[in-house]
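# Observations on chain architecture
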Amino acid sequence: MIEAAIDDEIWKSGEPCEESSRDAVALNSVSLRYGNGKAAGSPTDVLGSVQLHIREGEFVCILGPSGCGKTSLLKLVAGYEKPTEGEVKLYDQPHPGPNPKVGVVFQHANLFPWLSVNRNVQFGLKMLGLKRAERSHIAAETLNQVGLSAAASLLPHQLSGGMKQRAAIARALAANPALLLMDEPFAALDAITRESLQYLLRKLWLETGKTIVFITHDVEEALLLGSRLIVMKGGPGRIEIDMPNRLNRASEPFAFARQHLRYGETREQLLKALRPAGQSWQD
Ligand SMILES: Nc1ncnc2c1ncn2[C@@H]1O[C@H](COP(=O)(O)OP(=O)(O)OP(=O)(O)O)[C@@H](O)[C@H]1O
Ligand SMILES: [Mg+2]
């Protein structure tokens, strides 16, 4: 009965943005090999014939053991790497290469240390050729959105870890990318800062309808945020589990989701898939 009651709340409230039927990202039989045998080290097959279609408006969380190829997959989607075989498409078009319309946030904020927060956020806008007044207006709005207005004139070394990540998110959002790629963006943060940024990201997703691809090692984070959960396996990298997740839909998602019977079940299912073969801590 508890499940039924919470189900109603979850499915009705906080309806997420509509998913369209158009693919934001398509990986068709994509393989990736690093190294050509000429440089030091032998070639490494990192991804093997990955098939992945992400619709506009999805919030896809990708989990997987270290070294299985998650970051490599994200680099292909960002256009930083090209597939050895297969094709990567964005919005039904061949990948145009790195561009500010695809926002990327990494685990470490990678802000330009000599630029203020405000100038860091404006950087991509300058690349896009926007005029100073427009850049300034957008940067102020975006910094307000991530709760960082008061820190606009500070340099990166004057920020806390959480503030740096907010600044990095603001920088990625400023160019209004339809597609946001995030590689363990909250991994280095304390629990409370992390939770506040999780709420912020989920709010942004609900309000803007952006497509988000989010890599994490944290199963609970994936369950609370993702509308779709993917587990990768390595050797070479492939998709092992690909499932929808409705636990992210309540208006107070974290409180509701954690009480839900399916939360525990799905968490176990994901952890089982992530454990090395044959390993169980309960034995
Ligand atoms: N530029 C590179 N040249 C050669 N090998 C690479 C390169 N980048 C990554 N690799 C190899 O590719 C494999 C996958 O790396 P990747 O960074 O994609 O893993 P990951 O799943 O993101 O791991 P983690 O969870 O630790 O971040 C690893 O074996 C790594 O050593
Ligand atoms: Mg990685």
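These figures come from a predicted structure and were not determined experimentally. (Residues numbered from 1 in each chain as written. Chains lettered and ligands numbered in written order. Predicted model: local features only at pLDDT ≥ 70, side-chain atom pairs only at ≥ 80, totals over all residues. Heavy atoms only, no water.)

## Topic: the pairing of strand β3 (residues 59-63)
Going by this rule: Categorising residues by exposure relies on relative accessible area from a 1.4 Å probe, with only protein chains included: less than 20% of the type maximum marks a residue as buried, more than 50% marks it as exposed, and the intermediate range marks it as partly exposed. Secondary structure is summarised from DSSP: a helix means a run of H or I of at least four residues, a strand means a run of E of at least two, and numbering begins at the N terminus for each. Strands are treated as partners if at least two bridges between them are detected by DSSP.
Here β3 lies mainly inside the structure; 5 of its 5 residues are buried. Of the two faces of β3, the one carrying F59, C61 and L63 and the one carrying V60 and I62 are both buried. Pairing of β3 with strand β8 (residues 211-215) involves 4 bridges; the strand directions are parallel. Pairing of F59 across the sheet is with I212, part of β8.

## Some points on the site of ligand 1
Spelled out, the test is: Think of it this way: one heavy atom of a residue within 4 Å of a molecule or strand is enough to make that residue near it. A 3.5 Å cut-off defines polar contacts: any pair of N or O atoms within that distance qualifies, except that in protein one atom must be a possible hydrogen donor and the other a possible acceptor, and neighbouring residues in sequence count only when both atoms are side-chain atoms. To be clear on the numbers: accessible area is Shrake-Rupley with a 1.4 Å probe, and residue cover counts the displayed protein chains and nothing else. The classification used treats Ala, Val, Leu, Ile, Met, Phe, Trp, Tyr, Cys and Pro as nonpolar, Asp, Glu, Lys and Arg as charged, and all other residues, Gly among them, as polar.
In the region of ligand 1, the neighbouring residues are Y34, V46, P65, S66, G67, C68, G69, K70, T71, S72, E184 and H217. Here an oxygen atom of ligand 1 and a side-chain polar atom of T71 are 2.8 Å apart. Side-chain polar atom of H217 to an oxygen atom of ligand 1: 2.8 Å apart, as the coordinates give it. Look at ligand 1: alone it shows 640 Å² of surface, and the protein chains cover 59% of it. Among the elements that line the shell around ligand 1, the one with the most residues is helix α2 (residues 70-78), at 3 residues. Along the lines of polarity and charge, the residues of the shell around ligand 1 split into 4 nonpolar, 6 polar and 2 charged.

## A word on the packing of helix α5 (residues 161-174) against helix α6 (residues 191-208)
Basically, it comes down to this: Here an axis means a line fitted to C-alpha atoms, over the contact stretch when the element is a helix, while the angle between two N-to-C directions is reported on a 0 to 180 degree scale. Throughout, the term roughly parallel applies to angles under 35 degrees, roughly antiparallel to angles over 145, roughly perpendicular to angles from 65 to 115, and oblique to all others. Two helices that cross are described as forming a left-handed crossing if the nearer one is turned anticlockwise from the farther one by less than a right angle, and a right-handed crossing if clockwise. We call two residues contacting when some pair of their heavy atoms lies within 4.5 Å.
Interaxial distance between α5 and α6 falls to 10 Å at its minimum, and their mutual angle equals 15°. One way to sum up the angle between α5 and α6 is to call them roughly parallel. Crossing handedness for the pair α5 and α6: right-handed. Where α5 approaches α6, its residues G162, Q165, R166 and L173 are matched on the opposing element by T193, S196, L197 and L204. Considering only residue class, the contact of α5 with α6 consists of 3 nonpolar, 4 polar and 1 charged.

## A few points about the pairing of β8
Here is the rule: Note on handedness: a crossover is taken as right-handed if, strands pointing away from the viewer, the path from the first strand over the helix to the second is clockwise.
Among the 5 residues that make up β8, 5 are buried, leaving the element largely enclosed by the rest of the structure. Side chains of β8 alternate between two faces, with T211, V213 and I215 and I212 and F214 buried alike. Relative to β8, strand β7 (residues 179-183) runs parallel, the two being bridged by 5 bridges. Residue pairing for β8: L180 is matched across the bridge by I212. One crossover worth recording links β7 to the parallel β8 by way of α6, and it is right-handed.

## Overview of the layout of surface pockets
To keep things clear, this is the line we draw: Cavity: a set of points on a 1 Å grid over the protein atoms alone where a 1.4 Å probe fits but cannot get out. Pocket: an open set with protein on both sides within 12 Å along at least five of seven lines, its lining residues, like those of a cavity, having an atom within 4 Å of a point. Grid points are joined across faces, edges and corners, and a volume is the space filled by probe spheres set on the points. Throughout, the edges of the domains are those of an automatic or database domain assignment.
Empty space within the largest pocket amounts to approximately 490 Å³. What lines the largest pocket is a set of 24 residues, among which Y80, P100, V102, V104 and R171 lie closest to the centre. Put simply, the parts of the chain that give the lining of the largest pocket at least two residues each are β6 (102-105), α3 (117-127) and α5. For the lining of the largest pocket, the per-class residue count stands at 18 nonpolar, 5 polar and 1 charged. The residue makeup of the lining of the largest pocket includes at least three contributed by each of domain 1 (2-8 + 20-101 + 177-274) and domain 2 (109-176).

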